[in-house]
Amino acid sequence: MRVSRGDGGHDVRNLERQIQGLHPVAGRLTLNHTRFGRQWMDFLGRGRGRGRRRARGARQLVEKMVAANEEGSGSEAKKRNIEKKRKEPADEAGEEEEIEAASDVSEEGEMRMKRRKRNDDVDDEEEDAANEKSSGGAAKEGMEREKKKSKITVIDSKECRISAPDFLHGLPRDFQPDDSFKSYVKVAAYLLCCGWYLPLLNVIVDCFLSISTFVVLDCASGAGKTQLAVALIMLASRNVSLLGKRLLVAHVVWPSACPSQRIYVQANAYQKATGIWTTKFFLNMKIWLEFVAQNEGNAKYTSSLWNHVLSKMFTNESEDTFKRKFCVIVLDEIPLAADELVLVGKIRDALKVVDNIVLLLSGTNSKAANMIGLSSGDATSTEHHTEHGKWSFLITRVPRYFVEASQQANGWQALQKFDRSQLTPAACLDFDNAIKAIEISIKNHGNPRLIEFAIRSLIKVTKNPKNFSFGEWQLDLTYENVQSKFCFSKLSHGKEILLSQVNLLLCASAVHGIADAMIHRHYAHRAYPDDGKHFGLAELDNPCGGWLYIAPDRWRCLGHALYARAMDETIPESCFTAARWQVTVFQPLERDPVLYLASCWRSGYFSLFCTKPQVKPDEFKFTALTMVNSVWKPNTFGGLNFQNPVVCINTGARLEVAVTLAIMNAGAMHSEPSMNFSLFLRNFLFQLEIKTEMVDSMCTDPAFQGLLVPRWIFPVIREQSAAMPVIPNNIGIVIREPNISKHDATLCNIKGKNKLGVNVDNIRFEMKDRKAALSPQKIREVAAKLFSSDGVIGFCCVCKSQQYWTNKDVRATLWKELKSLKIGRVYLITSDQRMICCKLNGSLSGRFIIVQVDKTEF
C-alpha cells in the first residue's frame, strides 16, 4: 500500500488507509480526537527522513493506538476475567459461561498484525533500495510489486486436486450417496483440479482479511451455487488450509427448502455423518438472538454464541480447536418472507464479526438485495463502517458448464456419434439443428441446468428415431423447464414470470426490484462486473464479482445505500456506479439459443402454469397488448416515457414494443414447426386484440400463399452493418433495427416462394405511435421506405387513424399517394370495422398492410 518517493517520504493517505486495515478496533479511531492525535500530527510534521525509519515510527505509533483503544474498550480486561473464571470452579451447577466474542477478535487480530509486520519488514528493505533510484523508477517498481502481490493465490492449485473416486471411497460408512451427490462430487472435483474455483477461494480469503464483511453469491437457478458449496465441503474433507488454518465448512439450507432438491438432503446427511449438524442451525440462532436481546443487549458482543449455536453444529470441535480453523458457513436458499429475512439479517450481523468465520449467503431474486442492503436502524452499518468502506463481496460469475464432467457426459458423446441413417432427411436436419443449439449454449456459458435439460430431452426423443423432430425435442425441453422453474402456487409470482418473459423477448435490461425478480423467476444474470460481456468464468483471471461499498450520505439521499466500482481502486470517485451493480441482463440469442427455446412454451410466452387444482389450463393466457398495457407506466408528467428505467421495458415506444411481442407470441401460439402466412397473420392480429374473421378473405391472395413462418421467433438487436447471428436455420428472428434504419423491425427467415413466383425471406414492420392521425403523405413516406423493391410484404401499425376507414375522400387521397410505389395491393385492418382492400397495380406483388391498434392503454 506504500508509494515510494524519491526523497524516501511516505504517502500519508496510503498510510492512513493501512491504519484503517490493521485492526477492527483501529478502524473506528478518529486520529484527531484521540490522545495520540497530537503525537500523530507532530509525527506528520517532522522533517522527511529515511523511508524505513518513518515507516517503523508510524507502525509503532499505530500499535500503541490499537493497544490503548483495546484497553479502553475493556476487551483485554474482559479476556483476563474470562481466563480467571475458567480456572475457578463454578459456584452453581448449570451456570452458563459467558465468553465475549471480542476475545476471538483479539487473538486473531494479533496473528494478523504479526503477518502484516513481517510483510512490512520486507517492504522496508525494498523501499530503501527504491529510494536510491529516481522517483519515476521507484514508482514504477512499486506498481509492479503491487501487481505481483495481487496475483498471489491463497491456495496452491495442487491442494485442489481431489479425485472424485477417492473422495467417494472415503465417505463415512453410515452415509449412502445417491446419483445426484455423486454427480455433484464429480463436477466439483473436475472444476477444482482445473483451478476454476481459485478466483472464488481468493474472494473468501479476501473477505476473511477484511473487517466485518461477508460474501453474497447471486446467480440464477442452476448456475452452480450449490456446486460451489459441495466443492468447499470436499476441500474441507481433505484438510486443506487457507492462510495456515485448516478449512472447516458448513452448508446450511433453509429448512423449508431442504426437501426441494435431492442434493440438499444428501449434503445434509453427509455433513451429519462427519459431525456437522446443520438441521437446527436457524432455530438455535433464533433462540440465541432472543436470549441475547433479553439478557445481554447487542448480539455481536455476546460470548455465548459458541455454547448456544456453534458447538451444537460442529459437534467434533472444541472451542479452542474451532478458533484455530478457517470456518466458512454457507447459508443457502435464503427465504422470501419478510420476517424470515429479518432473522437472516440478524444472523448475518452476528456471524460476520466473528473473526474466524466467513459468511457466504447464497440466493436469488429480491432476497439478494435484502442480504446486501443496509437495514434501517442497523448499528452494524455505522459502528464498523464509514463512507466508502467495504460492505460485502458480490459474486456474480461462477464456472461455466463443462459437459465432459457432467452427468450427461456419456449421453452427449452418444449423441455426437448418433447414427443419422435412422432418421429421415428432414429429421436429420432437425437433429443437426438441435445439436447446434446446444453446442452454441455450451460454448457461450449458457445456464448449466437448461443445457442438462436440453441434452436429456434430446437423448429421450432420439430413442424413437422414426418420430423424431425438432419440435418434439423442444416441447420436451419446455416441459422439463416448466416443471423445474415456472410452476407456481402463489398468484403473485405470476407477474414476475411474465415480466421476465417480456424482458427476455425485448433484450431489455432491468434495475432495482424488477431486476431481482429476473434472476429468481427466470435465468437473468447480473451485468456487474463486466456489463454482461461474460456470463460465467471464461478464464481463470476473469473477475467473478466485486466489492460493494458504503455509499456516501449524498448518494444515500438518492436511494443508493451501496455502490460498486471498478477493480482498479485508482479510478476517481466520479466514475463510480451507484446502481449499475443491480442491473440484470439476459444472454442474447446468438449466445444461448437453448434459453430461448426452453422459454417458448406451447401455449405462448405469456401463459402461466399454476399448480392449484381449481385453475383451468387455459385460464392464465395473455396477449402481447395486454402485457404491454399492464407493465408500461406513464412518467410523472403524465405522458408516455419512451425510456423509463423504472419499469421493466426500457427499449422503445409502447406500440413498437407491443408489435414486437405480438410477432413472437404469434409464432409461439402455433403447435407445428412452421405455419402458413395467413395463420401467422391471424395469430398476429389476435395478439393485438383485433378481430381475426376478416383475415379469411386474405387467404386467397397469391402473394401470401406458399409462404411459411417459423414457430420459433426470437429477438435480436443488431447494430448497423452488423452480421446476422449464427443460429439454427429453422429459427426465425425479429431484428430490432437501429434508429437510422428505414423501419423499426424485420421478421427474418421466412421460407418458401409465393404463387407469384417471388421468394420472400423477410417481412418489414414500421410503427407510428402519434397522438394525431397520420396524413396520406406521411403514410406514403413510410411505404417508400418499406417498399424498396417489388415482392416486399410490409406492415404499418398506427394509432388514431380512423379516418381511412370512415372517409372515402381521405382513402382516395391515400390510394393516389401510394399508386406510384411498388405496391400491388393495400389492406386496411382495424378492430371495429371491416377490412378494406384496394388493388393498386395487378402486375406488382408487393403487399402493404396498415393495421390500426386502438387499445394501447387501459
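Residues numbered from 1 in each chain as written. Predicted model: local features only at pLDDT ≥ 70, side-chain atom pairs only at ≥ 80, totals over all residues. Heavy atoms only, no water.

**Re the sheet that holds strand β17 (residues 745–748)**
Taken in spatial order, the eight strands make up an open sheet running β15-β16-β17-β18-β19-β22-β20-β21, and their pairing is mixed. On the outer flanks of this sheet lie β15 (713–717) and β21 (836–839), each paired with one strand and no other. If you compare each strand with its neighbour and ignore which way they point, the axes differ by 20 degrees on average. In this sheet, strand β16 (residues 732–736) lies alongside β15 in parallel orientation, the contact comprising five bridges. Bridging from a neighbouring strand, I713 pairs with G732 of β16. (Pairing = 2+ DSSP bridges. Helix = DSSP H or I, 4+ residues; strand = E, 2+ residues; numbered from the N terminus. Axes fitted to C-alpha atoms, helices over the stretch in contact; angles between N-to-C directions.)

**Focus on the nonpolar core**
One recurring pattern in soluble globular proteins is that nonpolar side chains are buried together. By size, the foremost hydrophobic cluster in this structure holds 115 residues, and its most contacted members are W473, F677 and F684. In terms of residue count, the dominant contributor to this core is helix α27 (residues 654–668) (10 residues). Other than its neighbours up to four places away in sequence, F684 contacts V659, A662, I663, A666, F765, F795 and C797. With 63 residues, the next largest nonpolar core counts L171, L217, C219 and A229 among its residues. (Core = buried A, V, L, I, M, F, W, Y, C linked by side-chain atoms within 4.5 Å. Buried < 20%, exposed > 50% of the residue type's maximum accessible area, 1.4 Å probe, protein only. Contact = heavy atoms within 4.5 Å.)

**Quick notes on the packing of helix α29 (residues 776–786) against helix α31 (residues 808–818)**
Two elements in contact, α29 and α31, have axes separated by 9 Å at closest approach and are oriented at 35 degrees. Where α29 crosses over α31, the two elements pack in a sense that is right-handed. Contacts from P776, Q777, I779, R780 and A783 of α29 reach α31 at V810, T813, L814, E817 and L818. Considering only residue class, the contact of α29 with α31 consists of six nonpolar, two polar and two charged. (Left-handed = near helix turned anticlockwise from the far one by under 90°. Nonpolar A, V, L, I, M, F, W, Y, C, P; charged D, E, K, R; others polar.)

**Focus on the pattern of salt bridges**
In total, this model carries 17 salt bridges according to the counting rule given. A salt bridge links K352 to D349; the nearest nitrogen and oxygen atoms lie 3.8 Å apart. Given the relative accessible area of 3%, K352 is considered buried. For R780, the salt bridge is made with E817, and the minimal N-O distance between the two is 3.9 Å. Taken as a pair, R780 in helix α29 and E817 in helix α31 lie far apart in primary sequence, 37 residues in all. Residue classification places R780 among the partly exposed residues on the basis of a relative accessible area of 27%. Overall, E817 belongs to the partly exposed group, its relative accessible area being 22%. Through salt bridges with shared partners, one network takes in R456, K460, D476 and E480. (Salt bridge = Lys/Arg side-chain N within 4 Å of Asp/Glu carboxyl O.)

**Looking at the environment of N316**
With respect to the helices and strands, N316 occurs in the loop between α13 (305–313) and α14 (319–323). Residue class for N316 comes out exposed when judged on its relative accessible area of 58%. A C-alpha to C-alpha distance of 8.2 Å links N316 and T274, two positions 42 residues apart in sequence. The contact partners of N316, leaving out residues within four places of it in the chain, are T274 and G275. A polar atom in the side chain of N316 sits 3.1 Å from the backbone oxygen of T274. (Polar contact = N/O pair within 3.5 Å; in protein donor to acceptor, adjacent residues only side chain to side chain.)

**What about the packing of aromatic side chains?**
Counted by the stated rule, this structure contains 30 aromatic pairs. When the centroid spacing of 6.0 Å and the interplanar angle of 65 degrees are considered together, the rings of F431 and F468 count as edge-to-face. Remark: F468 occurs in the loop between α20 (448–461) and α21 (470–486) and F431 occurs in helix α19 (residues 425–443); sequence separation between them is 37 residues. On the accessibility criterion, F431 (0% relative accessible area) is buried. For the ring pair F680 and F684, a centre distance of 6.2 Å and an interplane angle of 20 degrees mean the geometry is stacked. Here the residue F680 and the residue F684 both occupy positions in helix α28 (residues 677–687), the gap between them amounting to four residues, near one helical turn. Of the residues examined, F680 reaches a relative accessible area of 0% and is grouped as buried. Following the ring pairs from residue to residue traces out a cluster consisting of F677, F680, F684, F704, F765, F795 and Y827. Here the basic side chain of R397 rests over the ring of F535, its NZ or CZ set 6.0 Å away from the ring centre. (Phe/Tyr/Trp six-rings, centres within 6.5 Å; stacked < 30°, edge-to-face > 60°. Lys NZ or Arg CZ within 6 Å of the ring centre and 35° of its normal.)

The analysis is restricted to geometry; functional conclusions fall outside its scope.
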